[in-house]
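Coordinates in review
Each chain is listed here by its residues.
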Amino acid sequence: MEDRLKIGKYEFSSRLMVGTGKYPTNEIMKASLEASGAEVVTVAIRRVELKKGGMLDYVDAKKYTILPNTAGCYTADDAIRTARLAREALSTELIKLEVIGDEKTLFPDTQGLLEAAGVLVKEGFTVLPYTNDDPITAKRLEDAGCVAVMPLAAPIGSGLGIRNPHNIRIIIEAAKVPVIVDAGVGTASDAAIAMELGCDGILMNTGIALAKDPVKMALAMNLAVKAGRLAYNSGRMPKKMFASASSPAWGLIE
Amino acid sequence: MEDRLKIGKYEFSSRLMVGTGKYPTNEIMKASLEASGAEVVTVAIRRVELKKGGMLDYVDAKKYTILPNTAGCYTADDAIRTARLAREALSTELIKLEVIGDEKTLFPDTQGLLEAAGVLVKEGFTVLPYTNDDPITAKRLEDAGCVAVMPLAAPIGSGLGIRNPHNIRIIIEAAKVPVIVDAGVGTASDAAIAMELGCDGILMNTGIALAKDPVKMALAMNLAVKAGRLAYNSGRMPKKMFASASSPAWGLIE
Amino acid sequence: MEDRLKIGKYEFSSRLMVGTGKYPTNEIMKASLEASGAEVVTVAIRRVELKKGGMLDYVDAKKYTILPNTAGCYTADDAIRTARLAREALSTELIKLEVIGDEKTLFPDTQGLLEAAGVLVKEGFTVLPYTNDDPITAKRLEDAGCVAVMPLAAPIGSGLGIRNPHNIRIIIEAAKVPVIVDAGVGTASDAAIAMELGCDGILMNTGIALAKDPVKMALAMNLAVKAGRLAYNSGRMPKKMFASASSPAWGLIE
Amino acid sequence: MEDRLKIGKYEFSSRLMVGTGKYPTNEIMKASLEASGAEVVTVAIRRVELKKGGMLDYVDAKKYTILPNTAGCYTADDAIRTARLAREALSTELIKLEVIGDEKTLFPDTQGLLEAAGVLVKEGFTVLPYTNDDPITAKRLEDAGCVAVMPLAAPIGSGLGIRNPHNIRIIIEAAKVPVIVDAGVGTASDAAIAMELGCDGILMNTGIALAKDPVKMALAMNLAVKAGRLAYNSGRMPKKMFASASSPAWGLIE
Amino acid sequence: MTPLKIRIRINGEGMRVENGATVAALLALLDINAVGIAIELNREIVPKSQYLKTALKDNDILEVVRMAGGG
Amino acid sequence: MTPLKIRIRINGEGMRVENGATVAALLALLDINAVGIAIELNREIVPKSQYLKTALKDNDILEVVRMAGGG
Amino acid sequence: MTPLKIRIRINGEGMRVENGATVAALLALLDINAVGIAIELNREIVPKSQYLKTALKDNDILEVVRMAGGG
Amino acid sequence: MTPLKIRIRINGEGMRVENGATVAALLALLDINAVGIAIELNREIVPKSQYLKTALKDNDILEVVRMAGGG
């Protein structure tokens, strides 16, 4: 299939990226990543715990493109520092940039985000910013050199689906870089809707990890992203107010 | 996979049924049926045209379970007559029963529908009635011996998706027979939403046939139905008003 | 104001009709009716309790047009009998006809409804049938001689607002008699939406009676029905995907 | 009525503010302002045209509180300059602050907005900022000393209603200053919905000015804002999935 | 021999009344105001004008209704 | 005297055929393959097994149907 | 030698006025009512109290604004 | 006189190590595998190639991080 996702110098067959947080067990996480078909996997950067083993073994860095995030950072400075540590630890210049504005909503602080994006792009990072659904901010991020923009569908971990398809659509129309919906996708149809709007991809975590059966939901998301993308590319039928028969009007018995 | 659809004495792996009307060409129809993964295919019953060849060769009766419909019938009598002709012509007791109430909406005449269903069930037909989204009518149809109920999502050929998920959900909760959403599905996410509501299957025609690329849309629908079903079975995460971090709250640098 | 509601031989200034059930006290009911501005008030028909006094005194039959209902009737026969009793008791040929199909949804049994409507119209009743949002049934009721059709917005007492505006709109377009939305209106905006769709009026009970402050909600509904009607009549602005400045593009400082 | 709107040192009975742009004629504007019941009226600041008379006479500055805006400004500097001119011209320290980010959407440039708000608050202006529906930006504007926040419902002049009620609700919950929905309200129910969410007021222009009958729509909006506010204050009934009879279950005939 | 009392059912409850009692007498006995009510006697409505003339018989079934709060 | 030709209607169109022609003969005449069709003769279905035995009469009305694309 | 006329720009348009003309004189010349207007002279607002005292110089740039319909 | 032990902070916790101990020695002491980690010493990242050469000083503050599950 030629319909590949290009982000900066990277290229992927799968348009679904998945996080690695909140799974019941590492084994379930591993199987879920597998079922999702994802090629990009996000991770957080955290202090080494001076005792327990990590989850490193469960995420095969040969199999997946690792996308570290700056989750938990509330200032541009913290996000920049975390990005640099991530680059050193994981030998990647990829960074999912988060500058959080508020604990309750986890919505981005767009001012801090723009500031950090500017610095990191200059330092050679490949920056994928987690942003809100404001088209102006999305454009500024693109102008700052981000390789993609990642507007939220709804608050992180809320599972509410796309709260404002209208804004997402406006972002897509204006963007020259890929638009990846990040956060808020709760079920398969949410993912299909996002792709049908014309998003280039979806990044999700809680929707899979907190389903009762994460592996099954991972497969659902895998298929839903493909279904939505195909539907987008196939050019859906026009909506009509009234009916239009699918069986012929001719040849009826009398 | 064990999650099979059982309708009367029939059993299917695929939960998508597709119509055969309105395709640009018979070749595209054939490829679309293939891409859809459908095992059940609906057809109309029409007068033999005294000249041209039919589409019979394009629908492989060995491959598909043929489900004739009574489209175009505006009275119980016409529908019963058409059902009998269908049985004779196609050697099947399966019938998708339509008694249409109105040309503009193509909504069912539920009185005529109940009457015809009663007669046909007694004559040994396996009746799948196209009905509206009224839970009372759905229950009456089930009580009359129909093997499934097929409420519409929206007017036939409208592509508006599920207009009233609330009613569809009520029908599903009360039904002891499979609930197949019939008519109105316009794009992949519509199909996923229907399956996530708990529908047992979906029957569609125009959504595929009138897409710009029907074969691609057929594949989209194939995947979307599976995605929606998996999501339904996997137990989606609860929705939340506010955010909940997917990355750990601990281990942040200071 | 000339924009009056005409139902059969009756004519009203107010387009809001209210029920008299479920109020915390009769005094609150009385004040709520007053605040609602309603001219038509629905009542149930019930056995005289051999002890306690009724609510009769609280509904001033000189002030309001009393519209008895056949709530609680599950067959055409019961509804017809109740209608006749109502006529005798209240000296009115007006009847809000309900034939209920199911205890859980309280959706109408449309077959029984059509049957009862036919009988009552012939007996000289002015029939206002509580029906579902099926356009075909609405048309049949009109054809049977009902002076109005009263499709539900959502289940009685659910407060869910208009579940299927598309069907209500189709009913309105086809109807030659007034369309009164009956049941399911939970808050003021629900009422405004119904009126903006082009409904001729709204009948409600629980939305007012079970608000924390019924009198205040009655006033809210009063204003919302007027607001919705005015908006409908005033011809709303067209919706646009993008922005259009309300301040002039000329004369900006440089 | 005691439910008054307090903004900074100002206090109003009406919760509806209206703009003065785009009316078919100045006479219709004047009558619409009257019908709307608005006490606050927004105006733009533009160069004196060296020939024609203005609309000044049509907006009675004794009757209305004039709220000049900085519409058309794409930088903080231009907005600040325009605000200062407005103060000088109209002898008011009130300013509806707009810093526009993009011609197509007219969405705010939140960075420029925050910058201009900070400067103007320090200069003693009473700042009402037109912002997007981002809760983080709303909080920053409040922290900067704005007396209210005015998130958009939808793009200016689009008439799409509240695109993201979820965000508006989050803003309201967090705000300690009044939240006035500004822009995007297209019809009466949009206004009622906004007020039911808990907004303190609404500012609109196109929804009235571009209705076919602006005066009638102005009255509709007047009533809808009141209806929505009353409904909010009256405590709506809880929504229920199923039905709940409004007529008694007892006393049925047998 | 005519019994002194007959058995009737009214609104689902059994009752004994004088043989030959009229509907009007029954209402008086039960202290029911005739205004705003309707009466069914064995499934047939008794018009108000007939209350004084309609005598009850053994096993008669009556429904006496009036309006109640409802929506 | 028996006429040589009779008038029938098939699928809404008038036609003349030999008196005594069977349904099977009619199909042959019209080059209609019997596979996948159904025939109503005066509102009664003619089973395939009876095509050879069923003779047409004057004024007979036939509907000959098969499947067509539909949803 | 002082020129008799100077060049100014007002609201984007070039104009020649008497050397030394005041803001007030300019308004009079243009028949602009001072009520409800604001004037920026080279990006600084001129308070109304200064209109009579403020003399224009060559190349001055003025913006004269008032309210207009807007939302 | 050089002290034998110095005080450092690592990941928010105080610790005493040999004076002059290198970053590499510290990792060994704590049994931390250098693969997949990053180290900040007083807010500056220490490249892996410098672990053996970087000696710790009194009051040094270190952050040692690796990846963790996150979204």
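Relevant structure appears above.
A short tour of the structure in this document, coming up.

Basis of the calculations
Residues numbered from 1 in each chain as written. Chains lettered and ligands numbered in written order. Predicted model: local features only at pLDDT ≥ 70, side-chain atom pairs only at ≥ 80, totals over all residues. Heavy atoms only, no water. Least-squares fit on C-alpha atoms with pLDDT ≥ 70 in both. Contact = heavy atoms within 4.5 Å. Pairing = 2+ DSSP bridges. Helix = DSSP H or I, 4+ residues; strand = E, 2+ residues; numbered from the N terminus. Buried area = accessible area lost by both parts, 1.4 Å probe. Salt bridge = Lys/Arg side-chain N within 4 Å of Asp/Glu carboxyl O. Polar contact = N/O pair within 3.5 Å; in protein donor to acceptor, adjacent residues only side chain to side chain. Nonpolar A, V, L, I, M, F, W, Y, C, P; charged D, E, K, R; others polar. Buried < 20%, exposed > 50% of the residue type's maximum accessible area, 1.4 Å probe, protein only. Core = buried A, V, L, I, M, F, W, Y, C linked by side-chain atoms within 4.5 Å. Phe/Tyr/Trp six-rings, centres within 6.5 Å; stacked < 30°, edge-to-face > 60°. Lys NZ or Arg CZ within 6 Å of the ring centre and 35° of its normal. Axes fitted to C-alpha atoms, helices over the stretch in contact; angles between N-to-C directions. Parallel < 35°, antiparallel > 145°, perpendicular 65-115°, else oblique. Left-handed = near helix turned anticlockwise from the far one by under 90°.

Here we come to the relation of the copies chain A and chain B. For the pair chain A and chain B, the relating rotation is 180 degrees, the translation along its axis is 0.0 Å, and the fit reaches an RMSD of 0.0 Å. Taken together, the rotation angle and the small translation identify this as a two-fold axis. Here 99% of the contact residues of chain A are again contact residues in chain B; the copies associate through an equivalent surface.

It is worth spelling out the sheet that holds strand β7 (residues 126–131) of chain C at this point. Residues and elements named next belong to chain C. Spatial strand order, β6-β7-β8: 3 strands in an open sheet with parallel pairing. Looking along the sheet, the strands with just one partner apiece sit at the ends: β6 (94–97) and β8 (150–151). Here 2 bridges tie β7 to β8, and the two strands are oriented parallel to one another. Each bridged residue has a counterpart across the sheet, and for Thr 131 the counterpart in β8 is Pro 151.

The least C-alpha distance between chain D and chain H, which are not in contact, is 21 Å. Between chain F and chain H there is no contact; the minimum C-alpha to C-alpha separation amounts to 44 Å.

Residue-level contacts link 25 residues of chain D with 25 residues of chain A. Taken together, both faces of the contact between chain D and chain A bury some 1900 Å²; the carbon and sulfur share is 53%. Applying the counting criterion to the chain D and chain A interface returns 4 salt bridges. The salt bridge involving Lys104(A) is made with Glu173(D); its shortest N-O contact spans 4.0 Å. Where chain D touches chain A, the interface holds 4 residue pairs in polar contact (both at pLDDT 80 or more). For the side of chain D that touches chain A, the secondary-structure elements that each account for two or more residues are α3 (110–122), α4 (135–143) and α5 (165–174) of chain D. For the side of chain D that touches chain A, a count of residues per class yields 8 nonpolar, 9 polar and 8 charged.

Scanning all chains against the criterion turns up 80 salt bridges over all chains. Its salt-bridge partner being Arg4(B), residue Glu11(B) comes within 2.7 Å of it at the nearest N-O pair. The class for Arg4(B) is partly exposed, based on a relative accessible area of 34%. Here Lys216(B) and Asp213(B) are joined by a salt bridge, their closest N and O atoms 3.9 Å apart. Residue class for Asp213(B) comes out partly exposed when judged on its relative accessible area of 28%. Sharing partners across several salt bridges, the network here consists of Asp3(A), Arg15(A) and Arg229(A).

Residue and element names in this part refer to chain H. With burial as the criterion, only one face of strand β1 (residues 5–10) is covered, namely that bearing Ile 6, Ile 8 and Ile 10; the residues Lys 5, Arg 7 and Arg 9 on the opposite face remain uncovered. Here 6 bridges tie β1 to strand β2 (residues 13–18), and the two strands are oriented antiparallel to one another. Its bridge partner being in β2, Arg 7 is matched across the sheet by Arg 16. Count of turn residues in the β1/β2 antiparallel hairpin: 2 residues, of which Asn 11 carries a positive phi of about 50 degrees. Relative to strand β5 (residues 61–69), β1 runs parallel, the two sharing 2 bridges. Bridging across to β5, Arg 9 finds its partner in Ile 61.

The subject of this paragraph is the sheet that holds strand β6 (residues 94–97) of chain A. If you trace the 3 strands from one edge of the open sheet to the other, you get β6-β7-β8 (chain A), paired in parallel fashion. The open sheet terminates on both sides in strands that have one partner only, identified here as β6 and β8 (150–151) of chain A.

With respect to the element layout, Glu254(D) can be found in the segment after α8 (214–234). Considering only alpha carbons, one finds Glu254(D) and Lys212(D), 42 residues apart in sequence, at a separation of 55 Å. Apart from residues lying up to four places away in sequence, Glu254(D) is in contact with Arg47(C), Arg81(C), Arg43(E) and Glu63(E).

So, about the nonpolar core. Counting 142 residues, the largest nonpolar core has Ile202(C), Met204(C), Ile202(D) and Met204(D) as its most contacted members. If we skip the residues at most four places from it in the chain, Ile202(D) touches Arg15(D), Leu16(D), Met17(D), Ile180(D), Val181(D), Val185(D), Ala191(D), Ala194(D), Met195(D) and Val225(D). The next biggest cluster of nonpolar side chains, apart from the first, holds 140 residues, and it includes Leu120(A), Ala117(B), Cys146(B) and Ala153(B).

This part takes up the packing of aromatic side chains. All told, the structure shown has 4 aromatic pairs over all chains when counted by the stated rule. Look at Tyr10(B) and Phe12(B): their rings are 6.2 Å apart centre to centre, the planes differ by 5 degrees, and that puts the pair in the stacked class. Judged on exposure class, the residue Tyr10(B) and its partner Phe12(B) are both buried. One cation-aromatic arrangement involves Lys104(A) over Phe242(B); the distance from NZ or CZ to the ring centre is 4.5 Å.

What follows covers the packing of helix α1 (residues 26–36) of chain A against helix α8 (residues 214–234) of chain A. Residues and elements named next belong to chain A. Look at α1 against α8: their axes get within 7 Å of each other, and the N-to-C directions meet at 20 degrees. By the angle class used here, α1 and α8 are roughly parallel. The handedness of the crossing between α1 and α8 comes out as right-handed. Only Pro 214, Val 215, Ala 218, Leu 219 and Asn 222 of α8 make contact with α1, whose side of the interface consists of Ile 28, Ala 31, Ser 32, Ala 35 and Ser 36. Of the residues in the contact of α1 with α8, the class split is 7 nonpolar, 3 polar and no charged.

On to helix α6 (residues 188–197) of chain A, then. Most of α6(A) is tucked away: 9 of the 10 residues are buried. Those residues of α6(A) not exposed but buried are Ala188(A), Ser189(A), Asp190(A), Ala191(A), Ala192(A), Ala194(A), Met195(A), Glu196(A) and Leu197(A). Those residues of α6(A) hidden inside the fold are in contact with α5 (165–174), β9 (180–182), β10 (201–204) and α8 of chain A together with α6 (188–197) and α8 (214–234) of chain B.

Residues and elements named next belong to chain C. One can describe the packing of helix α4 (residues 135–143) onto helix α5 (residues 165–174) by two numbers: an axis separation of 9 Å at closest approach and a directional angle of 30 degrees. Judged by the inter-axis angle, α4 sits roughly parallel to α5. The crossing of α4 and α5 is right-handed. Residues Pro 135, Ala 138, Lys 139 and Glu 142 of α4 pack against Asn 167, Ile 170, Ile 171 and Ala 174 of α5. Per-class residue counts for the contact of α4 with α5 are 5 nonpolar, 1 polar and 2 charged.

This part takes up the interface of chain A and chain B. Each side of the interface is counted separately: chain A has 69 residues, and chain B has 68 residues. Summed over both sides, the interface between chain A and chain B buries roughly 5800 Å², with carbon and sulfur atoms accounting for 63% of that surface. Among the residues of chain A in contact with chain B, Arg46(A), Met237(A) and Ile253(A) are the three that bury the most area, contributing 12% of the side total. Where chain A meets chain B, there are 2 salt bridges. Note that Arg47(B) and Glu254(A) form a salt bridge whose closest N and O atoms lie 3.5 Å from each other. Of all the elements, α8(A) adds the most residues to the side of chain A that touches chain B, at 13 residues. Taken together, the residues of the side of chain A that touches chain B sort by class into 31 nonpolar, 22 polar and 16 charged.

By themselves, these observations are geometric and do not establish any function.
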